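Structural overview for review
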Amino acid sequence: MYRLLALKSIYVIAIISFFSFPYYNKLRFNAFFELLLILLFFLNLRKVSFNKNILFLLLLNTFYILTSLFYAIFLKGDNIKDFLMVYKAFIYLIIMCFFINKQFIQVKDFFKFFKFFLFIFLVKYLIDRFVFYDARPTLFAENNFELMFLILLFYLYYIVKGKVSFLYQGILSIIFLISGSISGILILLFILFIVNYEIIIKKIHFILPISIILFLLMISVIAERTGGTVDFTQNTRYNFFMVFLDETKDWSFLNFLVGSDRISSLSDAGCKSLWYWQELFSYKDDGTCYSVIFHSYLLRAIYDHGIIGLSFLVFFIYKIIVISGYKPKQAWVVLGIVLINGLSVSSFNSIYFILGIAFFLILDKDKLLASYDTKAFAN
C-alpha cells in the first residue's frame, strides 16, 4: 500500500506538472508533496519504533520546537505561519524519524522511478528552454529546489548500483546546465567528482579537458545570471548577504552561537532594502520581514538558530542517514549536496530535500547486498 501511494502519487504529480504551461505558477505542487509526506507520516504511526541512538536527539529537537513555539506565539504574539517557516526543517526531522528503516520501496521500483524522473526532467527542461525560451526551466517549482531532489535520487541510484553510466551522467549534466541555476551547477560538479573519483585519479589526462568544458559552461551560466559579466556582486544573493551582515554587525559571539531572539524580524531598513521580495514578508502583513528574505538557508539558520542550531540540524540528519544503513561518507555527500544548496535557497527547509531523504530511508536495503555486488556497501 505504502509503495503504491508513495511512488504513484509522485508519478501523477510529475505528469500533471509536465503538461502545465511554463508560465503557470508551479509552486502549488509543493503543497501536494507536503500532503503526501504528512499522509505517509500518519500511516507509519501504526508501527512506531525509534532507534535508541536518535531518541535523545528527537526529544531534544521536540523540546526546542515546543519551547520556541510557546515563547514566540503565546508570549510574543508572532504569527504561527511565520513560526512554521522558521522551524520547518526541525519539524521535518520529527517526521523523518518515523521513516527510519520503513523499507517499503523495492529496488527495482526505485530504478524505474529514477529513470522516469531523469527522462521527464530532461524533456521538460528542453521544452521550457528552447520552445518557450524560459531561462529557468521547471518541472514542479523553482529549479533551485527541485534539482536537489533529482540529484539526491541520482546519488541514491549510484549507491545502490555502485556505479552510474556516462549516459545518465550526461543527461543529468544537460538538465543542470540548461537550468540556469548557479547553485545547481555547483552541486553537479560536486556529485560528478564523487561518483567519478576513481576514474578522475586514474585518467586525469582524459577528465581534465571535460572538467574545463564544464567549468566554462558554468561560467557562461553565471555570466547570464549576472548581466553578462562574471560579477557575483550583481547576483541577488550578494545583496541578501550584505543585508545579513548589516543585521548582525552588532552581534556578540554568543548571538552567533544561539541566533537571534525567537523569532526576530529584520530591521525596518533591512526590510525596506529588500522590498522587491515583499511576497516573502511576514504573514502579519504589517511590512515586517523575517530571515526567510535572505533566501540562503545557511544565513537563515545562523540568524534564527545560531551555529549551534545549524550544527544540530546537520548532525541529526547525519545520524538518521547512518542509522538507516548508509556509510558515514555517503551521509556526508548528502549533507554536502544540501549545504551547497543552502548557499542559495532553503535546502533543509525544502520539501524537495526531505522527499529525497525519505527515499534513502524507505528503500528496501535488506536485499541490496544479495542482489548487487556493489562497492558502495562493501566493507
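**Remarks on the state of the cysteines**
A full pass over the atoms with the stated rule returns one disulfide. Between Cys 271 and Cys 289 runs a disulfide, and the two sulfur atoms are separated by 2.1 Å. Because the torsion about its S-S bond is -100°, the bridge between Cys 271 and Cys 289 counts as left-handed. Remark: Cys 289 occurs in the loop between helix H13 (268-273) and helix H14 (297-323) and Cys 271 occurs in helix H13; sequence separation between them is 18 residues.

**Focus: the layout of surface pockets**
Empty space within the second largest pocket amounts to approximately 530 Å³. Lining the second largest pocket are 20 residues, and of these Tyr 158, Ile 194, Val 195, Tyr 197 and Glu 198 lie nearest its centre. Elements represented by at least two residues in the lining of the second largest pocket include exactly helix H6 (143-161), helix H7 (166-177), helix H8 (182-195), helix H9 (197-202) and helix H15 (328-341). Looking at the lining of the second largest pocket, its residues break down into eleven nonpolar, four polar and five charged.

**Notes on the nonpolar core**
Met 96, Phe 110, Ile 175, Ile 191, Phe 348 and Phe 353 are the most contacted members of the largest nonpolar core, which has 127 residues in total. Look past the residues within four positions of Phe 348 in its chain and what remains in contact with it is Ala 89, Tyr 92, Tyr 297, Leu 310, Leu 313, Val 314, Ile 317, Leu 335, Val 338, Leu 339, Phe 353 and Ile 354.

**Some words on the side chain of Ser 173**
With respect to the helices and strands, the residue Ser 173 is situated in helix H7. Given the relative accessible area of 11%, Ser 173 is considered buried. Discounting chain neighbours no more than four positions away, the residues touching Ser 173 are Leu 188 and Leu 192.

**Focus on empty space enclosed by the protein**
As enumerated under the stated definition, the model contains two cavities of 30 Å³ or more in all. By volume, the largest cavity amounts to about 50 Å³. Surrounding the largest cavity, ten residues form its lining, Leu 40, Leu 355, Ala 358, Phe 359 and Ile 362 being those nearest its centre. Looking at the lining of the largest cavity, the elements with two or more residues in it are helix H1 (2-18), helix H2 (28-43) and helix H16 (351-362). Considering each element in turn, the lining of the largest cavity owes the most residues, four residues, to H16.

**Side note on H14**
Here H14 contains 27 residues, and its C-alpha end-to-end distance of 25 Å is more than 12% below the 39 Å for a straight helix at 1.5 Å per residue. Of all bends in H14, the biggest is about 115°, found at His 305. Most of H14 sits inside the fold, with 21 of its 27 residues counted as buried. Positive backbone phi, approximately 105°, marks Gly 325, located one or two places after H14.

**What about the packing of aromatic side chains?**
Applying the stated criterion to the full structure yields 43 aromatic pairs. Taking the centre distance of 4.7 Å and the plane angle of 80° together, the rings of Phe 41 and Phe 98 count as edge-to-face. Linking Phe 41 in helix H2 with Phe 98 in the loop between helix H4 (80-97) and helix H5 (107-130), this pair joins segments that are 57 residues apart in sequence. In this structure Phe 41 comes out as buried when scored by relative accessible area, which is 15%.

**Points about the environment of Phe 244**
Position of Phe 244 among the secondary structure elements: in helix H11 (residues 236-247). In contact with Phe 244, other than residues within four places in its own chain, are Phe 294, Leu 299, Ile 302 and Tyr 303.

**Regarding the packing of H6 against H15**
Interhelical geometry of H6 versus H15 gives an angle of 165° and a closest axis separation of 10 Å. Compared by their axis directions, H6 and H15 come out roughly antiparallel. Seen from above, H6 lies across H15 with right-handed handedness. Each of Asn 144, Met 148, Ile 151, Leu 152, Tyr 155 and Ile 159 in H6 lies in contact with H15, whose residues at this interface are Lys 329, Gln 330, Val 333, Val 334, Ile 337, Val 338 and Asn 341. Each residue belonging to the contact of H6 with H15 can be placed in one class, and the counts come to nine nonpolar, three polar and one charged.

**A word on H7**
With twelve residues, H7 should cover 16 Å at 1.5 Å per step; its first-to-last C-alpha distance of 16 Å lies within 8% of that length. All of the buried residues along H7 are Tyr 168, Gln 169, Ile 171, Leu 172, Ser 173, Ile 175, Phe 176 and Leu 177.

**As for unusual backbone geometry**
As a rule of thumb, non-glycine residues mostly have phi less than zero, and peptide bonds are mostly trans rather than cis. One non-glycine residue, Tyr 133, lies in the positive phi region at around 55°. With respect to the helices and strands, the residue Tyr 133 is situated in the loop between H5 and H6. You will see that Asp 285, though not glycine, has its phi angle at about 55°, which is positive. For Asp 285, a relative accessible area of 70% corresponds to the exposed category.

**Details of the side chain of Asp 304**
Inspection of the secondary structure puts Asp 304 in helix H14. Contacts of Asp 304, omitting those with residues within four sequence positions, involve Tyr 64, Val 86, Val 258, Gly 259, Ser 260, Arg 262 and Ser 291.

**Side note on the confidence of the model for the protein**
Do not read the predicted coordinates in detail wherever pLDDT is low. For the protein, mean pLDDT is 84; residues scoring 70 or higher make up 84% of the total. Across residues 369-379, where pLDDT falls below 50, the model places 21 contacts with residues more than four positions away in sequence or in other chains.

Analysis parameters
- Residues numbered from 1 in each chain as written.
- Predicted model: local features only at pLDDT ≥ 70, side-chain atom pairs only at ≥ 80, totals over all residues.
- Heavy atoms only, no water.
- Disulfide = S-S within 2.5 Å.
- Helix = DSSP H or I, 4+ residues; strand = E, 2+ residues; numbered from the N terminus.
- 1 Å grid on protein atoms, 1.4 Å probe; cavity = no way out; pocket = protein on both sides within 12 Å on 5 of 7 lines; lining within 4 Å.
- Points joined across faces, edges and corners; volume = space filled by probe spheres on them.
- Nonpolar A, V, L, I, M, F, W, Y, C, P; charged D, E, K, R; others polar.
- Core = buried A, V, L, I, M, F, W, Y, C linked by side-chain atoms within 4.5 Å.
- Buried < 20%, exposed > 50% of the residue type's maximum accessible area, 1.4 Å probe, protein only.
- Contact = heavy atoms within 4.5 Å.
- Expected span 1.5 Å × (residues − 1).
- Bend = angle between axes of the 7 residues up to and from the residue.
- Phe/Tyr/Trp six-rings, centres within 6.5 Å; stacked < 30°, edge-to-face > 60°.
- Axes fitted to C-alpha atoms, helices over the stretch in contact; angles between N-to-C directions.
- Parallel < 35°, antiparallel > 145°, perpendicular 65-115°, else oblique.
- Left-handed = near helix turned anticlockwise from the far one by under 90°.
- pLDDT = per-residue confidence, 0-100.

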